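Residue-level structure breakdown
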Amino acid sequence: MDIKVILDVLGYVFSIFLVGVALYSKGKKTITDNAVKYINEAEEGYQNLVIAKGEKFDYVVDNIYNLIPTVVRPFVTKDLVAIIVQNVFDQMESYAVKQADKIVDKVLGEPESK
């Protein structure tokens, strides 16, 4: 094979790889943004009911998974969506705890150490 042909093929493969990375990054951001929306919806919708945590989690994962185009679903599994949703929830929970700690510190008159 000619070196020019090899370099052309490598260029095409690298371009396809970069497009894939860009699409993944954009898709993950979209999933993350929608995760926040659906987590809040689940909390509001189930706040007056005694519902297992798993049902709210499934609600969020199912709604986000349904937003994913069918042709992309083989590459973005429900398990991957569940991992992303759990990470978003953990970040939201961590932020809420920090804010609650700040409020408690202000009410008790303790200096902020964070």
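All residue numbers refer to positions counted from 1 along the written sequence of the respective chain. The model is predicted, so local features are restricted to residues of pLDDT at least 70 and side-chain atom pairs to those at 80 or more, both for listing and for counting; the totals for chains, interfaces and linings are taken over all residues. Computation of side-chain values: all heavy atoms of the structure, hydrogens and water removed.

Any region with low pLDDT has predicted coordinates that should not be read closely. pLDDT gives the predictor's per-residue confidence on a scale running from 0 to 100. Overall, the predicted model of the protein reaches an average pLDDT of 76, with 74% of residues at or above 70. Only DSSP runs of H or I reaching four residues or more are called helices, and only runs of E reaching two or more are called strands; each is numbered from the N terminus. Across the protein, the element-wise mean pLDDT spans from 72 in helix α1 (residues 3-45) up to 84 in helix α3 (residues 78-108).

This brings us to the environment of Q86. One can find Q86 in helix α3. Taking the C-alpha atoms as reference points, Q86 and A35, separated by 51 residues in sequence, lie 9.1 Å from one another.

Another point: the nonpolar core. The tendency in soluble globular proteins is for nonpolar side chains to be buried as a group. Counting residues in each nonpolar core, the largest one holds 16 residues, and the members touching the most others are I31, V60, I64, I68, V81 and V85. Contact between two residues is taken to exist if any of their heavy atoms lie within 4.5 Å; hydrogens are not considered. Not counting chain neighbours up to four residues away, the residues in contact with V60 comprise A35, Y38, I39, A42 and V85. The definition of a nonpolar core used throughout is a set of buried Ala, Val, Leu, Ile, Met, Phe, Trp, Tyr and Cys residues joined through side-chain atoms within 4.5 Å. Relative accessible area decides the class of each residue, using a 1.4 Å probe on protein chains only: under 20% of the type maximum gives buried, over 50% gives exposed, and in between gives partly exposed.

What follows deals with the pattern of salt bridges. Think of a salt bridge as a Lys or Arg side-chain nitrogen and an Asp or Glu carboxyl oxygen that are within 4 Å of each other. For the structure on display, the rule yields one salt bridge. Taking the shortest distance from any N to any O, the salt bridge between D62 and K78 comes out at 2.9 Å. Here D62, found in helix α2 (residues 53-67), pairs with K78, found in helix α3; they are 16 residues apart in sequence, far enough to count as distant.

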